[in-house]
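Survey of secondary and tertiary structure
Residue-level listing of the chains:
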Amino acid sequence: MATGHTDPQRRERIIAATLDHIAEEGIAGVSHRKIATRAGVPLGSMTYHFAGIDDLLREAFTRFADHFVAVFEHHLGPVDSPEQAREAVTDLIHSLSEGPQRDLVLTHELYTLAARRPEYRELTQAWMLRSRHLLERHFDPDTARQLDALVEGLTLHRALDRAPHDRALTREAVKRITAA
């Protein structure tokens, strides 16, 4: 194993290994030893880079939330009309629901943690606020809040349904919420 001086990406590998571990085994299985082994770093690197497991989890889930916000930005950023915005939200829902199973699992692991622990609720609220701000570029705040919930709900339903609904139904749901 490389020393910290010759391994400037060690912290990033630890964060990536944490997310991979959570996606495969769940949050309950996270330990310094398991993450260090998965990341290929000495056990002491864990406490060198992170104050504890909670610090590591907050950092890992913050990175994950940043990833999701970037996905929102990718879909909503280049939009310049209400109709394009509605289609972008439809694309976003289908992109997320058809995306990696890993993202779905990580999202729900974070939500479960946030439901139990207020300090993680703050992280999820910050994530939702960032997503809504991107939606508010194209819709009023109340509509953006409803669309954000629709994105979450339809993504989950489409991802877990054996016969997910088609784009026409998603498009109609987005249209109904945005019709004002």
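Here is a short report on the structure shown in this document. (Residues numbered from 1 in each chain as written. Predicted model: local features only at pLDDT ≥ 70, side-chain atom pairs only at ≥ 80, totals over all residues. Heavy atoms only, no water.)

1. Focus on the side chain of T90
- With respect to the secondary-structure elements, T90 resides in helix 5 (residues 82-97).
- Setting aside chain neighbours within four positions, we find T90 in contact with R167, T170, R171 and V174. (Helix = DSSP H or I, 4+ residues; strand = E, 2+ residues; numbered from the N terminus. Contact = heavy atoms within 4.5 Å.)

2. A closer look at helix 2 (residues 32-39)
- Along helix 2, the positions that sit buried rather than exposed are I35, A36 and A39. Projected down its long axis, helix 2 carries its buried residues within an arc of 100 degrees, all on one side. Across from the buried face of helix 2, at angles greater than 90 degrees, the exposed residues are R33 and T37.
- Those residues of helix 2 that are buried lie in contact with helix 1 (10-25), helix 3 (44-49) and helix 4 (53-76).
- Just downstream of helix 2, G40 is the residue with a positive phi angle, here 70 degrees. (Buried < 20%, exposed > 50% of the residue type's maximum accessible area, 1.4 Å probe, protein only. Arc of directions from axis to C-beta.)

3. Here we look at the packing of aromatic side chains
- Evaluated as defined, the whole model comprises four aromatic pairs.
- Taken together, a centroid distance of 5.9 Å and an interplanar angle of 85 degrees make the contact between F64 and W127 edge-to-face. One end of the pair, F64, is in helix 4; the other, W127, is in helix 7 (residues 118-136), with 63 residues separating them in the sequence. Comparing F64 with W127, the two get one shared label, buried.
- Every member of this aromatic cluster is reached through a ring pair, and the members are F64, F68, Y111 and W127. (Phe/Tyr/Trp six-rings, centres within 6.5 Å; stacked < 30°, edge-to-face > 60°.)

4. What to know about the nonpolar core
- Ranked by internal contacts, the top residues of the largest apolar core, which has 48 residues, are I14, F61, F72 and V89.
- Looking at this core, the elements that each hand over two or more residues are helix 1, helix 2, helix 4, helix 5, helix 6 (101-116), helix 7 and helix 8 (141-160).
- Considering each element in turn, this core owes the most residues, 11 residues, to helix 4.
- In this view, V89 contacts L76, L135, F139, L147, V151 and V174; residues no more than four positions away in its chain are not counted. (Core = buried A, V, L, I, M, F, W, Y, C linked by side-chain atoms within 4.5 Å.)

5. A few points about the side chain of S97
- Topologically, S97 is positioned in helix 5.
- Owing to a relative accessible area of 10%, S97 belongs among the buried residues under this scheme.
- Reaching out from S97, the side chain makes a polar contact with the backbone oxygen of H94 at a distance of 3.3 Å.
- Not counting the four nearest positions on each side in its chain, S97 is found in contact with T155, R158 and A159. (Polar contact = N/O pair within 3.5 Å; in protein donor to acceptor, adjacent residues only side chain to side chain.)

6. Some remarks on the packing of helix 8 against helix 9 (residues 167-178)
- Packing of helix 8 against helix 9 leaves a shortest axis separation of 10 Å and a crossing angle of 160 degrees. Classified by the angle their axes make, helix 8 and helix 9 are roughly antiparallel. Where helix 8 crosses over helix 9, the two elements pack in a sense that is right-handed. Facing helix 8, whose interface residues are T143, Q146, L147, L150, L154 and R158, helix 9 presents T170, A173, V174, I177 and T178. (Axes fitted to C-alpha atoms, helices over the stretch in contact; angles between N-to-C directions. Parallel < 35°, antiparallel > 145°, perpendicular 65-115°, else oblique. Left-handed = near helix turned anticlockwise from the far one by under 90°.)

Remember that the coordinates give geometry; whether it matters functionally is a separate question.
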